[in-house]
Amino acid sequence: MATESAAIQSALSISTKGNFKWHGKFEDLQEFINEQLQTQTKWSSPGGNSKLFENEAVKIRWYANTSSLTIKGIDCEQLKDKLRAIARTESDEDNAISLIDKNNLDIGIHNEVERSIIIEGEDFSARTLNSSSQVIDLSTQPNQSLICSELIEKIKDLKLDFNIKISALTQEVSSIQNKRKAYANESLLHENRELKDENKSLLQKVANLSFIVSDLNTKLKESENEKQSLVTVLKLVNLDQSTHDQNSHGTWKT
């Protein structure tokens, strides 16, 4: 166990800025993460010499070319605390030396360019070309290449996070639109039901009015019939009275 712990400590390091690195093999890293998370992890290869493990709690990415190990997610601090207790502290001495060498090289280039200004002809061109070649050599330093690779991978991570957030926002907007459509449909259905109820009520009122009109027409006909009957009775009474008067008048003459 002590040998295994020493091997892990040798492979896992942390800088003074808190950045982790894994200097061993990917298979050993996967086994180590399995032990820390107490689960069997499945990693993907999204590109850029990187390996990625991601679940709902943590997102771990390892860059094979730079040995950089990044940890993100809602439970990342718990895992980082475990790794801090195991990892060896990485010395910044090499970085400091590289920075000093770079500054000295920049100063040398600057002095060389100044001296070349006072030289004419071919010597001027030669010294200027020599200075330019030194600048090119500076841009191709291994540290610069590693930094560029890390920046590219970080940009890819940011792009991935951005796409995830855009996807989440798109889903949220779609959900809001669906809710609005559902609310609009429910409102239309409610208005439709109210209109149907009002229409039904109006039809009932029209039917009631039709019954009333029919009843009035019936009563009107009955009144007309009664009127005709009364007229007939009056005519008969008048006729009878006229006949009676004529008979009475004829008897008086005799």
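Residues numbered from 1 in each chain as written. Predicted model: local features only at pLDDT ≥ 70, side-chain atom pairs only at ≥ 80, totals over all residues. Heavy atoms only, no water.

*Asks:* I keep staring at helix 3 (residues 76-86) and nothing clicks. Help me out?
*Replies:* Because the α-helix completes a turn every 3.6 residues, residues three or four places apart line up on one side. Buried within helix 3 we find C76, L79, K80 and L83. Along the long axis of helix 3, the arc covered by the buried residues comes to 100°, so they all point the same way. Turned more than 90 degrees off the buried face of helix 3, the exposed positions are Q78 and A85. For helix 3, the secondary structure elements touched by its buried residues are strand 1 (12-14), strand 2 (20-22), helix 2 (26-37), strand 4 (59-63) and strand 5 (68-72). (Buried < 20%, exposed > 50% of the residue type's maximum accessible area, 1.4 Å probe, protein only. Helix = DSSP H or I, 4+ residues; strand = E, 2+ residues; numbered from the N terminus. Arc of directions from axis to C-beta. Contact = heavy atoms within 4.5 Å.)

*Asks:* Is there a simple way to think about unusual backbone geometry in this case?
*Replies:* Residues apart from glycine generally show negative phi values, whereas peptide bonds are mostly found in trans. For Q38, which is not glycine, the phi torsion reads 55° and is therefore positive. Locating Q38 in the fold gives a position in the loop between helix 2 and strand 3 (50-54). You will see that S67, though not glycine, has its phi angle at about 65°, which is positive. Relative to the helices and strands, S67 resides in the loop between strand 4 and strand 5.

*Asks:* Would you explain the nonpolar core in this entry?
*Replies:* Across soluble globular proteins, nonpolar side chains have a tendency to be buried as a group. Ranked by internal contacts, the top residues of the largest apolar core, which has 22 residues, are L12, W22, I60, L69 and L83. Sorting elements by how many residues they give to this core places helix 2 first, with four residues. With sequence-adjacent residues up to four places away left out, L69 is seen in contact with L12, F20, K21, W22, L29, I60, R61, W62 and L83. (Core = buried A, V, L, I, M, F, W, Y, C linked by side-chain atoms within 4.5 Å.)

*Asks:* Sorry, what's going on with the sheet that holds strand 2 here?
*Replies:* Paired through backbone hydrogen bonds, the strands of a sheet run either parallel or antiparallel to each other. Reading across from one edge, 3-4-5-2-1-6 is the order of the six strands in this open sheet, with mixed pairing throughout. The sheet is open, and its two edges are formed by strand 3 and strand 6 (88-89), each paired on a single side. Examined bridge by bridge, strand 1 and strand 2 share three bridges and lie antiparallel to one another. Considered in strand 2, the bridge of S13 is made with K21. In the packing of helix 2 onto the sheet, the strands contacted are strand 1, strand 2, strand 3, strand 4 and strand 5, and the crossing angle to strand 4 comes to about 160°. Against the sheet, helix 3 engages strand 1, strand 2, strand 4, strand 5 and strand 6, with an angle of about 145° to strand 5. (Pairing = 2+ DSSP bridges. Axes fitted to C-alpha atoms, helices over the stretch in contact; angles between N-to-C directions.)

*Asks:* Is there a simple way to explain a nonpolar patch on the surface in this structure?
*Replies:* Among the surface-exposed residues, F162, I166 and L169 lie close enough to one another that they form a single nonpolar patch of about 290 Å² accessible area. Relative to the assigned elements, L169 resides in helix 6 (residues 142-253). (Patch = residues over 30% accessible without salt bridge, like charges linked within 9 Å, V, L, I, M, F, W, Y side chains within 5 Å. Areas by Shrake-Rupley, 256 points an atom, 1.4 Å probe, with all protein chains shown as cover. Salt bridge = Lys/Arg side-chain N within 4 Å of Asp/Glu carboxyl O.)

*Asks:* Help me understand the packing of aromatic side chains in this model?
*Replies:* Where two aromatic rings form a pair, the distance of their centres and the angle of their planes describe that pair. Within this structure, the stated rule accounts for four aromatic pairs. Ring centres of F26 and W43 lie 5.5 Å apart, and the angle between their planes is 85°; this geometry places the pair in the edge-to-face category. You can see F26 sitting in helix 2 and its partner W43 sitting in the loop between helix 2 and strand 3, a full 17 residues away along the chain. For W43, a relative accessible area of 15% translates into the label buried. (Phe/Tyr/Trp six-rings, centres within 6.5 Å; stacked < 30°, edge-to-face > 60°.)

*Asks:* Would you mind showing me how to read the pattern of salt bridges here?
*Replies:* This structure, assessed with the given rule, holds seven salt bridges. Residue D161 is joined to K59 by a salt bridge in which the shortest nitrogen-to-oxygen separation is 3.2 Å. Within this pair, whereas D161 is found in helix 6, its partner K59 is found in strand 4, the two being separated by 102 residues in sequence. For the salt bridge of D215 with K219, the shortest nitrogen-to-oxygen distance reads 3.5 Å. Within this pair, D215 and its partner K219 are both found in helix 6, separated by four residues, close to a single helical turn. The class for D215 is partly exposed, based on a relative accessible area of 39%. Taken together, the shared-partner salt bridges in this structure form one network comprising K59, K72 and D161.

*Asks:* Before we go on, may I ask you to explain the pairing of strand 5 in this structure?
*Replies:* Regular strands place their side chains on alternate faces of the sheet. Relative to strand 5, strand 2 runs antiparallel, the two sharing two bridges. Across the sheet, F20 pairs through a bridge with L69, a residue of strand 5. The pairing of strand 4 with strand 5 spans four bridges and is antiparallel. Across the sheet, the residue bridging to W62 is L69, located in strand 5. Once strand 4 ends, the chain turns through four residues before running back antiparallel as strand 5, passing S67 with a positive phi of about 65°.

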